[in-house]
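Structural description and commentary
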Amino acid sequence: MKVTYNWLKEFVDFDLTPEQLADLLTMLGLEVEAMEKLGAGMDDVVVAIVEEKRQHPNADKLSLCRVNDGSGVLDVVCGAQNFQAGDTVALARIGAVLPGDFRIKRSKIRGEESCGMLCSEKELGLAEESAGIMILPGGLKLGQPVFEALGLKDTLFEIGLTPNRADCLSAAGIAREIAAKLDTRITYPPAVIVEVSEAASDMISVTIEDSDLCPRYAARYISGCRIAPSPEWLVKRLNALGIRSISNVVDVTNLVMMELGHPLHAFDCDRLAGRRIVVRRAAEDEPFTTLDSQKRTLTADDLVICDAERPVALAGIMGGENSEIADTTTNILLESAWFRPAAIRKTSKRLGLHTESSHRFERGADIGGVIRALDRAAALIAELAGGSVAQGIVDAYPGACEPMPISLRPERANQLIGIDLSRTEIGRILSRLECTVLEQPDGALRVTPPSYRVDIEREVDLIEEVARLNGFDKIPTTMPKARVVSDRPSAHQRMQRVVRDILVAHGMNEIINFSFTAPDAADKLLLATGDPRRTAIRLANPLIEEQSVMRTSLLPGLLETMARNVNFRSLDLKLFEMRRIYLPTGPGEMPHEPICIAGAFTGSREREGWSHARGAVDFYDAKGVMENLIELLNIGGVKWVADSPEAYYHPGKSCSIVAGRERIGSVGEIHPTVQESFGLERPVYCFELDFEKIVSLVRQKRTVTAPSRFPDSTRDIAMLAPDDLPAEKIIECVRNVKAQEIEQVEIFDLYRGAGIPEGFRSIAVRVRYRSYERTLTDEEIGVLHGKVVENLVTKVKVSIR
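Report on the accompanying structure. Here the structure is a predicted model, which is why all the values come from computation and not from measurement.

This paragraph deals with the overall build of the protein chain. Looking only at helices and strands, one finds 21 helices and 42 strands in the protein chain. Taken against the 2.2 N^0.38 rule, which gives 28 Å for 801 residues, the C-alpha radius of gyration of the protein chain at 44 Å runs more than 25% over that of a compact globule. With the C-alpha coordinates aligned to their principal axes, the bounding extent of the protein chain is approximately 140 × 80 × 65 Å. Per-residue burial for the protein chain yields a buried fraction of 47% across its 801 residues. Expressed as a percentage of contacts within the protein chain between residues at least 6 apart in sequence, the contacts between residues at least 24 apart total 67%. Of the roughly 40900 Å² that the protein chain leaves accessible, carbon and sulfur atoms contribute 49%. Side chains of the protein chain give 97 positive and 116 negative charges; the mean places of these two sets differ by 6 Å.

In this section: the nonpolar core. Among the nonpolar cores identified, the biggest contains 101 residues, and Tyr-217 and Ile-305 are the most heavily contacted of them. Leu-503, Ile-597, Leu-689 and Val-698 belong to the second-largest nonpolar core, a separate cluster that totals 32 residues.

Next up on the list: the state of the cysteines. For the structure shown, the criterion picks out zero disulfides. The closest cysteine sulfur to the non-disulfide-bonded Cys-214 is located on Cys-401, 10 Å from its own sulfur. Here Cys-686 is not cross-linked by a disulfide; its sulfur's nearest cysteine counterpart is in Cys-655, at 13 Å.

Strand order in this open sheet of five strands is E15-E18-E21-E22-E23, and the pairing throughout is mixed. Two strands lie at the open edges of the sheet, namely strand E15 (205-208) and strand E23 (318-319), each paired on one side alone.

One can find Ser-666 in strand E37 (residues 662-670). Judged by its relative accessible area of 1%, Ser-666 falls in the buried class. Looking at Ser-666, its side chain comes within polar contact range of the side chain of Tyr-649, at 3.0 Å.

Cut-offs and rules
Residues numbered from 1 in each chain as written. Predicted model: local features only at pLDDT ≥ 70, side-chain atom pairs only at ≥ 80, totals over all residues. Heavy atoms only, no water. Helix = DSSP H or I, 4+ residues; strand = E, 2+ residues; numbered from the N terminus. Rg over C-alpha atoms; globule rule 2.2 N^0.38 Å. Buried < 20%, exposed > 50% of the residue type's maximum accessible area, 1.4 Å probe, protein only. Contact = heavy atoms within 4.5 Å. Areas by Shrake-Rupley, 256 points an atom, 1.4 Å probe, with all protein chains shown as cover. Lys, Arg positive; Asp, Glu negative; His and termini not counted. Charge placed at Lys NZ, Arg CZ, Asp CG, Glu CD. Core = buried A, V, L, I, M, F, W, Y, C linked by side-chain atoms within 4.5 Å. Disulfide = S-S within 2.5 Å. Pairing = 2+ DSSP bridges. Polar contact = N/O pair within 3.5 Å; in protein donor to acceptor, adjacent residues only side chain to side chain.

This is the structure:
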């Protein structure tokens, strides 16, 4: 928001310097982001009179002038032709620096000496364009700085406002803040209207078809206007604010908007069909051409101002070409209305059309200030355009919108701010903000904010106003009270850290993917039609379709990450992710969000080196990591069930991980079709674990057995076993002998090939025997070993080789 120092003084009488005023506004929460001294450094541009003007002897388009600046007569060469001898002009003396860092020097132009320059409004920064030099009013003191003589010395403040302070998007709004802080009164600009006998209601009519989006629409009728350039004072005020002058009527609406903060619009009434105004929603795909000559397609969510036949303005944003003020306009319908902020914001954003008008309506204009702005603009138009204002106002206001009273507890205000103000002092502060304050029997204050303070809705908003007006600098400085709390991680969090550390220790790298995935992720994983993981929660406003649903599995993101890294020639990968998945529960209920663990391996087992052979990872690498993890977490009773746990695993190359009767995970090679769907060419081995189940199975206490003092003895058993016989059954069969002397059982060799029948494999098992009481003899070990062999032959039907 831009406003000048002198303009503010027209509203409020104060004696602060511009610097002091900037500090005051900033401490009120209206941050002054920039200050510009208008006319500063321009004192060498002075009032002068042209005593003689004659043709330059060496140039047809130049004049040789003798100019008196009060201290002497100077020769000046000038190229403008819009002046004559006797005119008062602006003379830039030698040494003057004009905008653009243009320094005036003594020079010779076509052989004639020039000791200065006669300036135009453009050269002085007072206008964007000018046809000739600036002709000043007569009677000004010669030698006086031009900016001082014309009253143009001023300070322009650029104020950064927060979106909730729509009331300060005007000179009057900022002046109200100054008046409240200085405990003085604001003087609003006069609106003296001399109405003619004809009634406005006889000349125009207003109908509101959608009172929700437009609760109020007021209009005046002004006849006999003459469209002309604006007077100099109006042009200069608008230029100072960065607004281009258009014509007297349009400039008045812009001035009142910047002055009072309420946008207005003037229609050429003779171009309105039926001289009617109808406020309605646009029809779907209704075409409309705005003042900027852009053709726009509207929707049913857009609010338009229409005449009896067609739209003539985009409500609160911009008028239409078909009703704009032209040089031939004589009769005007002047609009002052209030539109719902959300509707204006939605249309403005959709069309990409942001204007000074929409900027104010989007944040909330003053519904109570509609008539004040309308009368002020009507009075100025009558004065500057010579119009006659019809009697009365056509004010369509179906239901009055009054500010709601708010209860304020003084003790609560003191508690939040940290000060000690009496109820009377708080009431006086709020009254300075033009609030209506009534004391209640229970000690509270009943406060009704003014209609322009749309940001005051709750008790805490009033407390903020008390703090602002009383002064932030008056809030005492206190040291905050704090406690040092040791926020130790929970057992659940500690277990996450342990699992991460174990997987990292096995050479894996953790990744973190988005919790969003593509809707076709379940199809890529070949999940069955009835699989609950196919039901994913869809985002209301996804950024891209590939991340439009919440993930129900970690594998799609893991495989996509692996494919992306392989494409960048990172071929040897061991990745894992431990994050939440999101499983729908029921309509209107929050999803179930368990933590899961997923890992993937591809490429070489180890980096290439001279000391070891290069081998590719396989199923047993993934299974081995799982075995170590389960052992280190002290989870007992785990079995590896050879089945096909998931459709995305390769048939015959996967298994389920079962603890007791609970399935806690799976491991296997990814199905070739799934690999192809994710763009992976080399085999990928994955594992999945349900972290929540693992946490419940971890045993906190470990049983430690002292080693035996007696020597051990081992015996090997080579056998032929069917391919469909799980190796785990062989291990279990040996352990089922239930002899305390059997200390360890392990498979140490596997062979298929020459000499082995089709459908069989050779397995070698090593059994370690040891007693805790004595050294076992060969005979005792032979008896035990015989029982083991007999058990294998009779129970699992193997053939001893």
